[in-house]
Amino acid sequence: MELAQVAEQEAHTLSARLTSSHAALRMIGRYGGGLVPFGYRKSPRPSGAGWCLTPDPDTVAIVREIVDDVRSGLSPVAVAGRLNDADVPVPRDRHALLQGRPMGGRRHGRDFDKFRWTSGTLSKVLRSPSLKGHRIHKGQTVHDAAGTPVLIGPPLLTEEEFDSLQELLKARSNGSHPRSRTTALLTAVAYCSGCGGRMYFAVRRS
């Protein structure tokens, strides 16, 4: 019993140290692991201690193209379709490639060789403050003791560009058409066996 209590206490101590360590890394802008934001890649810090994020040459141009497509009026579904047609890896797959691991994985109880872009995936990329080079924790910008955003890499978008993009996304979201009622019981429940995306009910008129 005493050994079990000692082991449990050591586990709590180790967990607290790891949490404190990751918090410290966040506050100084060092990359401490986890999914690398789309458009970036892990690189050694100029100081030689630890890692930071730098623009990923293979995807930073894609980020700009996505932003330009949205500004031109294309819907997220249309932009996602273009990315899938061009075989652009989703953030999760791109991270796997940068880590030297295979793409794909398990989702909704199915195994995939690679994942596909959806409007939801695209929205996460476009709404993330990481586009401004901000350090993100649980989806929010990390601030230092003075309230200044902690930077983890060079910005891909300026503050003005990012704010303008958010206003555009917000306006389109507010102007979206409300969903009509349906008696299709599997709507938002059934998923396509090919791509893993949601299946929708549509009436076919002859």
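Structure report, in brief.

**Comments concerning the pairing of strand 1 (residues 40-44)**
Inspection of the sheet shows strand 1 paired to strand 2 (residues 51-55) by 5 bridges, in the antiparallel sense. Pairing of Arg41 across the sheet is with Thr54, part of strand 2. Hairpin connection of strand 1 to strand 2: 6 residues between the antiparallel strands, including Gly48 at a positive phi of 90°.

**Some details on helix 4 (residues 91-98)**
Pro91, Asp93, Arg94, His95 and Ala96 are the residues of helix 4 that are buried. Those residues of helix 4 that are buried are in contact with helix 5 (119-127). In the segment just after helix 4, Gly100 is the residue with positive phi, at about 75°.

**Description of the side chain of Asp93**
Examined against the element boundaries, Asp93 turns out to sit in helix 4. Among buried Asp, Glu, Lys and Arg side chains, Asp93 stands out as unpaired, with Arg92 the closest opposite charge at 5.6 Å.

**Things to note about unusual backbone geometry**
Excluding glycine, residues mostly carry a negative phi; peptide bonds, for their part, are mostly trans. A positive phi angle, near 60°, is found at Asp87, a position not held by glycine. By secondary structure assignment, the location of Asp87 is in the loop between helix 3 (76-85) and helix 4. Of note, His108 is a non-glycine position whose phi angle comes to about 55°, a positive value. Mapping His108 onto the fold places it in the loop between strand 3 (105-107) and strand 4 (110-112).

**Quick look at the packing of aromatic side chains**
Per the stated rule, a full pass over the model turns up 2 aromatic pairs. With a centroid separation of 5.4 Å and 80° between ring planes, the pair formed by Phe38 and Trp117 is classed as edge-to-face. Taken together, the positions of Phe38 in the loop between helix 1 (2-28) and strand 1 and Trp117 in the loop between strand 4 and helix 5 put the pair 79 residues apart, joining distant regions of the chain. Here the two residues Phe38 and Trp117 agree in accessibility, since each one is buried. An angle of 50° between the planes, with centres 6.1 Å apart, marks the rings of Phe112 and Phe115 as tilted. Phe112 gets classed as buried once you look at its relative accessible area, which sits at 12%. Of note, Lys42 hangs over the ring of Trp51, and the distance from its end group to the ring centre comes to 4.4 Å. It is Arg107 that lies over the ring of Phe115; its NZ or CZ is 4.1 Å from the centre.

**Focus on helix 2 (residues 60-71)**
For helix 2, with 12 residues, the first-to-last C-alpha span of 17 Å sits near the 16 Å given by 1.5 Å per residue. All buried positions along helix 2 are accounted for by Ile62, Val63, Ile66, Val67, Asp69 and Val70. All buried residues of helix 2 lie within an arc of 160° about the axis, which places them on one face of the element. Looking at the buried positions of helix 2, the neighbouring elements they touch are helix 3, helix 5 and helix 6 (159-174). After helix 2 finishes, the residue Gly73 shows a positive phi value of roughly 110°.

**Structural notes on the pattern of salt bridges**
One pass over the full model with this rule turns up 8 salt bridges. Between Arg64 and Glu161 there is a salt bridge; the shortest N-O distance is 3.3 Å. Of the two residues, Arg64 sits in helix 2 while Glu161 sits in helix 6, which places them 97 residues apart along the sequence. A relative accessible area of 26% places Arg64 in the partly exposed class. Looking at Glu161, the relative accessible area reads 22%, which means it is partly exposed. Here Glu159 and Lys132 are joined by a salt bridge, their closest N and O atoms 3.4 Å apart. In this pair, Glu159 is assigned in helix 6 and Lys132 in the loop between helix 5 and strand 5 (136-137), connecting sequence segments 27 residues apart. Each of Arg41, Asp56, Asp58 and Arg94 takes part in one network of salt bridges that share partners.

How each quantity is defined
Residues numbered from 1 in each chain as written. Predicted model: local features only at pLDDT ≥ 70, side-chain atom pairs only at ≥ 80, totals over all residues. Heavy atoms only, no water. Pairing = 2+ DSSP bridges. Helix = DSSP H or I, 4+ residues; strand = E, 2+ residues; numbered from the N terminus. Buried < 20%, exposed > 50% of the residue type's maximum accessible area, 1.4 Å probe, protein only. Contact = heavy atoms within 4.5 Å. Lys, Arg positive; Asp, Glu negative; His and termini not counted. Salt bridge = Lys/Arg side-chain N within 4 Å of Asp/Glu carboxyl O. Phe/Tyr/Trp six-rings, centres within 6.5 Å; stacked < 30°, edge-to-face > 60°. Lys NZ or Arg CZ within 6 Å of the ring centre and 35° of its normal. Expected span 1.5 Å × (residues − 1). Arc of directions from axis to C-beta.

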